[in-house]
Amino acid sequence: MLRTRLLTAIVLIPIVIWLVYLGGLPFVALVAGLTALAEIEFCLLIARRFQPSHLFGVALVWLFLLDARLTEGGVLRPGLVAVLCISLIWQIVRHRHLKTTDWTGVIASGLYLGAYGSCLIKLRQLPGDGLWWTLIAIPAILFADSGAYFVGSAWGQHKLAPSLSPGKTWEGYGGGILVGSLAAAVLAWLWGFRTDPGSAITAHQGLLLGALISGLAPIGDLTVSIIKREAGVDNSGKLLPGHGGVLDRLDSVLWAAAIGYYYVVWLVK
């Protein structure tokens, strides 16, 4: 399993880094494609108990991404009204085949993935240092996940959330915070050489951001774990060999993007 995970990562990571570097429409297309797949997987999970319509969930996700892409904004509120209105009409027309929980499930999943997914776009589009903040925030959670895995495997004894994710331990969680924080600090130090003299990217800023992401982003993983446990499955899908589904990979990454974006906007800029 570890070998398969590594092979998948070796293939995908260079592609993702290249699209992050390009930014603009290529990066938006990447985020739109991944979040749409994640939304479909989310709907398939809850479809084990309900009958959600994937289309409205994907529409909500893309609406948030479009609003983030358009710097002048203004499309989110009317778009939300339109999607909610159409989805409710669909619910009324098919009331004999659908339950209210079908509608609430797809709307909640679309709002969740859309709101967090839009932070990926906003983080990359930050004026000046958006590229470099993105290349700190996202790797931070990836390093944290790897650190938590290896530390937990070697020394983990105390379960973090046994009813949701039996493999996670407090020792692994602490190791993830340490590795993620140090990785973010090193990346911030390296990127600091490529940015303008007045840039706010420093090793200290990277260390703090890495600690926040490593400490809080795992909540995204546990959130999806709740859905998977209720659905009775271990993974959200099988699209990524060794990793599970797209939602399995994005759950904590989306949290990292949101934390990174608001960290920069509120505490740095």
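Residues numbered from 1 in each chain as written. Predicted model: local features only at pLDDT ≥ 70, side-chain atom pairs only at ≥ 80, totals over all residues. Heavy atoms only, no water.

1. Some words on the packing of aromatic side chains
As enumerated under the stated definition, the model contains 10 aromatic pairs in all. With centroids separated by 5.2 Å and ring planes inclined at 80°, the aromatic side chains of Tyr149 and Phe150 adopt a geometry described as edge-to-face. Judged by relative accessible area, which is 42%, Tyr149 ranks as partly exposed. An angle of 40° between the planes, with centres 4.9 Å apart, marks the rings of Tyr262 and Trp266 as tilted. In this pair, Tyr262 and Trp266 are both assigned in helix 10 (residues 246–268), four residues apart and thus about one turn of the helix distant. Owing to a relative accessible area of 32%, Tyr262 belongs among the partly exposed residues under this scheme. When its relative accessible area of 65% is taken as the criterion, Trp266 is described as exposed. Directly above the aromatic system of Tyr149 lies the positively charged group of Arg5, at a separation of 5.9 Å from the ring centroid. (Phe/Tyr/Trp six-rings, centres within 6.5 Å; stacked < 30°, edge-to-face > 60°. Buried < 20%, exposed > 50% of the residue type's maximum accessible area, 1.4 Å probe, protein only. Helix = DSSP H or I, 4+ residues; strand = E, 2+ residues; numbered from the N terminus. Lys NZ or Arg CZ within 6 Å of the ring centre and 35° of its normal.)

2. Overview of the nonpolar core
Ranked by internal contacts, the top residues of the largest apolar core, which has 57 residues, are Leu113, Trp133, Ile136 and Ile213. Apart from residues lying up to four places away in sequence, Ile136 is in contact with Ala184, Leu187, Ala188, Trp191, Ile201 and Leu209. One finds Cys43, Leu60, Val83 and Trp103 within the second-largest nonpolar core, a separate group that totals six residues. (Core = buried A, V, L, I, M, F, W, Y, C linked by side-chain atoms within 4.5 Å. Contact = heavy atoms within 4.5 Å.)

3. Here we look at the packing of helix 5 (residues 100–124) against helix 10
Axis separation between helix 5 and helix 10 bottoms out at 8 Å; the angle between their running directions is 55°. Judged by the angle between their axes, helix 5 and helix 10 are oblique. Of the two possible hands of crossing, helix 5 and helix 10 adopt the one that is left-handed. Two secondary-structure elements touch here, helix 5 through Tyr112, Leu113, Tyr116, Gly117, Cys119, Leu120, Lys122 and Leu123 and helix 10 through Leu247, Leu254, Trp255, Ala257, Ala258, Gly260, Tyr261 and Tyr262. For the contact of helix 5 with helix 10, a count of residues per class yields 13 nonpolar, two polar and one charged. (Axes fitted to C-alpha atoms, helices over the stretch in contact; angles between N-to-C directions. Parallel < 35°, antiparallel > 145°, perpendicular 65-115°, else oblique. Left-handed = near helix turned anticlockwise from the far one by under 90°. Nonpolar A, V, L, I, M, F, W, Y, C, P; charged D, E, K, R; others polar.)

4. Thoughts on the side chain of Ser252
Locating Ser252 in the fold gives a position in helix 10. Excluding residues within four positions of it along the chain, Ser252 makes contact with Ile141, Asp145, Ala217 and Asp221.

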